Amino acid sequence: MKVKVLMGNTAVAEAVRMADVDVVSAYPITPQTIIVERIADMVERGELKARYVRVESEHSALAVVYGASASGARVFTATSSHGLLYMYEMLWWVANSRLPIVMAVVTRAIGPPWNIHSDHQDALTVRDAGWIIGFASSVEEAFDMTLQAYRVGEDRRVLLPVMVSLDGFTLSHTSEPVRLPEESEVREWLPPREPLPFKLEPGSYFSVGNLGPDEVTMELRWYVWRAMERAKHVIREVSVDYARRFDRSTHSLVEEFKTGDARYLVVLAGAWSGDAMEAADMLRDEGYPVGVARLRYIRPFPAEELRELATSVRAVLVIDRAVSMGHMGVIAGDLVATTRGKVVVKNIIAGLGGVDMGPEDFKSIIKGFVEEYESGALDSWFYTEWYMPWVRGR
Amino acid sequence: MGLVYEPVDLEREAFEDLRGFIEKLLSKPAPGSAGRTGAWRLYRPAVDAGRCIKCGICWLYCPDDVISWAPKGLPIIDYSYCKGCGICSSVCPVKAIDMVLEGE
Amino acid sequence: MLRELLILSRGGQGGVTASRILASAAALEGRWAQAIPEFGAERRGAIVRSYLRLSDKRILRHSSVRRPEGVVVFSSRILELIDVDKVIPVDSTVLVNSSVRPRLGGRVVYSVDATGIALKLGLVIAGWPVVNTAMASAAARVFNIASLDSIVGALGEYFRGKLLEVNVEAAKIAWGEVA
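Residues numbered from 1 in each chain as written. Chains lettered and ligands numbered in written order. Predicted model: local features only at pLDDT ≥ 70, side-chain atom pairs only at ≥ 80, totals over all residues.

Chemist: Quick question: what am I supposed to make of the overall build of chain C here?
Modeler: Across its full length, chain C holds 7 helices and 8 strands. Its C-alpha atoms give chain C principal-axis dimensions of roughly 40 × 35 × 35 Å. Considering chain C as a whole, with its 179 residues, one finds that 51% of them fall into the buried category. Considering only intrachain contacts with a sequence separation of at least 6, the fraction spanning at least 24 residues in chain C is 61%. (Helix = DSSP H or I, 4+ residues; strand = E, 2+ residues; numbered from the N terminus. Buried ≥ 20, exposed ≤ 12 C-beta atoms within 10 Å, placed from the backbone. Contact = placed C-beta atoms within 7 Å.)

Pasting the structure below:
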């Protein structure tokens, strides 16, 4: 295993090469573009024997890999922000058609105003479609999660598309050491895709998703629902297997940071989680018993893990980089539902539009939360606050 | 963390689901999958063999694929499934197809 | 221990690549490193910030560097465009690409004539002297980031053939001349 300093985008492209995909189709958009540029280079130089299909839009990109995946190919696409939204209709077709497409989403704010920096709003618009949604927190994890995505999505017990989210710029353009496994080891761990029981090809007469009775729609959604439940087990299994094979620490649906003796739990996802962990470390030195639960997957939602973690602390702080307007932060809403009101939850909305969030920011947020709880001020069941220190009174 | 999960036979459940969703997701084309749609017809297309120039345009346009035609031959309409939409009649360049009211 | 540096360059000068070369060089020596470019609407000529973090263990944070202990300035003219006291902490060490060493309040300042080195070696792309390898090498020495051998090793990950040779030469000269 050699260590190489790679950008997040390059690491994903490298994982796609090692996964030996057959068809790639994408449309460029910042900050994702480098991934598919690299892959196009690899195809051109013969380092990856795949068909690279250029298209005129993201909608077509996903449609191309949809068809290719239905014919049995292993496929990849990538996008960001407005590009993801342009795919929206196809995202649902892919999920209900049970095609194990892997897509990297380099997260980026949605306009207006135009903004190329990261928040999680784009990725989380896909929350309810039936895609498995993972969030990487380091360059190495973006690499790992891409490989794991194929094993999880293509597993017969799952057969669902998988989205690997990585924060725009803070991961996509950041260079960090990555422990790269040998290609032969990866090929062994990730064999070619198993054929589906059906194959869309010239000469075979059937259609996918033709007009049917209303009950068929409901039943297909029910099958996605069941597959998503099974995906939890498969993700746990694949994560452990990958960690053992490639010498990584084992985190499956949730990474726990100093949660063992924690009295307060911080929950969040994505590249900024490390900043929150450093803040928790600093606060521990000051005597605050804080732990962090980083969600590696938001769909399927790690309800079992979080319920156990959340009910063993005094209060939970969820820091969200995406909002469900009219309710609360996206993760906070899910967590509150999962804990059935048994836990005091405070929700902070922060870092929208890529607003920089460092350890000092997390420290002040977490400290404020603990002090609020201990002074008895955190008496409501849950509430949401926006962290905007540059605005007076926030 | 000592989580205990419900023992689910994932393999078996997945196998049953696979059969189930594939049956619901895929459909094979077959004649008359919606029944004998000829019964929906109010007007019947009638080909005047004397005027027909055997061009095949009616065959090309029929949305339900119920006209058979071979080059230089007369079109043959399958009345079991023809819904009587009249497109063949309206595209015929020599007006050789009349729409005739069916008796009740 | 965590160390944080800031690189100030103009779009097109290769400041981002310099931070990556330094990260690669540190990684070759078995340390953890992180190179983070700060992208916005920058175009050729605009000021671009990039950050470099170094540590003996895995770095968890991914936010931008707010209080760098060292600042690398790719052109002395950048100093005229920024609010020096706001951007460059008073207790930081500064390395400037300049033929004369500028004074920056009480800060410890080093300089190297990276532009001169690039011109001498014909390292010019689209009319611009390419100063990033010379600056990376000088920074490696001033801030004790990596050895010259590691810098040369890291350059091999970014350049090939003739271009690699010239860049290695630039790195060696800058390593010797920075003061």
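Chemist: Honestly, the sheet that holds strand 11 (residues 264-268) of chain A in this entry has me stumped. Any pointers?
Modeler: By definition, the strands of a sheet pair up through backbone hydrogen bonds, in either a parallel or an antiparallel sense. Residue and element names in this part refer to chain A. One open sheet holds the 6 strands; their spatial order is 10-12-11-14-15-16, and the pairing between them is mixed. Edge strands, defined here as strands with exactly one partner in the open sheet, are strand 10 (254-257) and strand 16 (382-386). Averaged over neighbouring strand pairs, the angle between their axes works out to 20° when direction is ignored. Here strand 14 (residues 315-320) pairs with strand 15 (residues 344-349) via 6 bridges, running parallel. Paired with Val316 across the two strands is Val345, which belongs to strand 15. Strands strand 10, strand 11, strand 12 (290-295) and strand 14 of the sheet are contacted by helix 10 (residues 273-285), whose axis makes an angle of about 170° with strand 12. Of the strands in this sheet, strand 11, strand 12, strand 14 and strand 15 are in contact with helix 13 (residues 359-374), which crosses strand 14 at around 150°. (Pairing = 2+ DSSP bridges. Axes fitted to C-alpha atoms, helices over the stretch in contact; angles between N-to-C directions.)

Chemist: Explain helix 6 (residues 148-158) of chain C here, please?
Modeler: Residues three or four positions apart in an α-helix share a direction because the helix packs 3.6 residues into each turn. Burial in helix 6 of chain C covers these residues: Ser150, Ile151, Val152, Ala154 and Leu155 of chain C. Turning to helix 6 of chain C, the residues buried within the fold contact helix 1 (15-28), helix 5 (132-142) and helix 7 (161-177) of chain C.

Chemist: Would you take a moment to explain the sheet that holds strand 13 (residues 297-299) of chain A for this structure?
Modeler: All names here are of chain A. As summarised here, the arrangement of the 7 strands in space is 3-2-4-5-7-6-13, forming an open sheet in which the pairing is mixed. The two strands at the open ends of the sheet, each matched to only one other strand, are strand 3 (51-54) and strand 13. Geometrically, the sheet is characterised by an average inter-axis angle of 20° between neighbouring strands, direction not taken into account. Taken together, the 6 bridges between strand 5 (residues 102-107) and strand 7 (residues 162-167) define a ladder with parallel strand orientation. Looking at strand 7, one finds that Val105 is bridged to Ser165.

Chemist: Help me out: how do you make sense of the interface of chain A and chain B in this one?
Modeler: Quoted interface sizes are often the accessible area lost when the parts come together. Between chain A and chain B, the contact holds 23 residues from the first and 17 residues from the second. The set of elements that each furnish at least two residues to the side of chain A that touches chain B consists of strand 9 (207-208), helix 9 (214-246) and helix 11 (303-310) of chain A. The leading source of residues in the side of chain A that touches chain B is helix 9 of chain A, at 8 residues. Each residue belonging to the side of chain A that touches chain B can be placed in one class, and the counts come to 9 nonpolar, 5 polar and 9 charged. Relative to strand 1 (residues 26-27) of chain B, strand 9 of chain A runs antiparallel, the two being bridged by 2 bridges. Residue pairing across strands places Val208 of chain A opposite Leu26 of chain B, the latter belonging to strand 1 of chain B. (Nonpolar A, V, L, I, M, F, W, Y, C, P; charged D, E, K, R; others polar.)

Chemist: Help me understand the pairing of strand 1 (residues 3-10) of chain C in this model?
Modeler: On a regular strand, each side chain points to the face opposite its neighbour's, so the side chains alternate between the two faces of the sheet. Residue and element names in this part refer to chain C. Among the 8 residues of strand 1, 7 are classified as buried, and the element is accordingly described as predominantly covered. Note that strand 1 and strand 3 (residues 47-55) share 8 bridges and pair antiparallel. Residue Leu5 lies in a different strand from strand 3, and its bridge partner there is Leu52. Across 4 bridges, strand 1 lies against strand 4 (residues 70-73) in parallel orientation. Paired with Leu5 across the strands is Gly70, a residue of strand 4.

Chemist: Could you clarify how one ought to interpret the nonpolar core in this entry?
Modeler: A general tendency of soluble globular proteins is for nonpolar side chains to be buried together. Counting residues in each nonpolar core, the largest one holds 191 residues, and the members touching the most others are Val266 of chain A together with Leu22, Ala134, Ala138, Ala139 and Ala174 of chain C. Per-element accounting of this core gives the leading share, 9 residues, to helix 9 of chain A. Domain assignment of the residues forming this core places at least three in each of domain 1 (2-246) and domain 2 (254-386) of chain A. For Leu22 of chain C, the residues in contact, after removing those within four places along its chain, are Ala35, Leu52, Ala136, Ala139, Ala140, Ile145 and Ala146 of chain C. Grouped together as the second largest cluster of nonpolar side chains are 10 residues, Cys58, Cys62, Val66 and Cys92 of chain B included. (Core = buried A, V, L, I, M, F, W, Y, C linked by C-beta atoms within 7 Å. Domains from an automatic or database assignment.)

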